[in-house]
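One letter stands for each residue in the lines below.
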Amino acid sequence: MSPRTRRRRRPPRTPPATTADARKVACHELGHTVGLRHNSSKGTCMYQAPAAADSATLTSTERSEINGNYS
Ligand SMILES: [Zn+2]
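Because the structure is a prediction, the values reported are computed rather than measured. (Residues numbered from 1 in each chain as written. Predicted model: local features only at pLDDT ≥ 70, side-chain atom pairs only at ≥ 80, totals over all residues. Heavy atoms only, no water.)

### Observations regarding the overall build of the protein chain
- Along the protein chain, the regular secondary structure elements total three helices and zero strands.
- Secondary structure of the protein chain in N-to-C order comes out as α-α-α.
- Against the compact-globule benchmark of 11 Å for 71 residues, the protein chain has a radius of gyration of 19 Å, which places it well outside the compact range.
- In terms of its C-alpha atoms, the protein chain occupies a principal-axis envelope of roughly 70 × 20 × 15 Å.
- Here the protein chain, with 71 residues, has 20% of them falling under the buried criterion.
- At a minimum sequence separation of 6, the contacts of the protein chain that also span at least 24 residues come to 33%. (Helix = DSSP H or I, 4+ residues; strand = E, 2+ residues; numbered from the N terminus. Rg over C-alpha atoms; globule rule 2.2 N^0.38 Å. Buried < 20%, exposed > 50% of the residue type's maximum accessible area, 1.4 Å probe, protein only. Contact = heavy atoms within 4.5 Å.)

### Here's the deal with the coordination of the zinc ion
- Around the zinc ion, the donor atoms from the protein are His28 (NE2), His32 (NE2) and His38 (NE2), and they sit 2.0 Å away.
- Each donor residue of the zinc ion belongs to the same chain, with the gaps between them written as H-x3-H-x5-H.
- Classification of His32 as partly exposed rests on a relative accessible area of 31%.
- Residue His38 is classed as partly exposed on the basis of its relative accessible area, which comes to 46%. (Donors = N, O, S within 2.8 Å, 3.2 Å for Na, K, Ca; no water.)

### With respect to the side chain of Glu62
- Structurally, Glu62 can be placed in helix H3 (residues 60-69).
- Among buried charged residues, Glu62 stands out as having no salt bridge; its nearest opposite-charge side chain is Arg63, 7.0 Å away.
- There is a polar contact of 3.4 Å between the side chain of Glu62 and the side chain of Thr44.
- If sequence neighbours within four positions are ignored, Glu62 has contacts with Leu36, Asn39, Thr44, Cys45, Met46 and Thr57. (Lys, Arg positive; Asp, Glu negative; His and termini not counted. Salt bridge = Lys/Arg side-chain N within 4 Å of Asp/Glu carboxyl O. Polar contact = N/O pair within 3.5 Å; in protein donor to acceptor, adjacent residues only side chain to side chain.)

### A closer look at the state of the cysteines
- Evaluation of the coordinates by the stated rule reveals one disulfide.
- The residue that forms a disulfide with Cys27 is Cys45, at a sulfur-sulfur distance of 2.0 Å. Across the S-S bond of Cys27 and Cys45 the torsion is about -55°, and the bridge reads as left-handed. A residue pair is termed long-range when its members are at least 10 positions apart, and Cys27 in helix H2 (residues 19-33) and Cys45 in the loop between H2 and H3 qualify at 18 residues. The burial state of Cys27 is the same as that of Cys45; both residues are buried. (Disulfide = S-S within 2.5 Å.)

Okay, structure coming up:
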């Protein structure tokens, strides 16, 4: 057996998480704690896949929904 055939395959690499990813996930999870649900808009942090969202802040609609939940 040659050394080449004994090599183990490396697992596929995932890109490292960034500070921006952490902010999006934090916004998303905090949104859940105040009653927000997932949505299908990538422009909000409540997008169903938070790291793929384009925003790390709540939209005015989401803020209004939170205010409605606690009024
Ligand atoms: Zn979620």
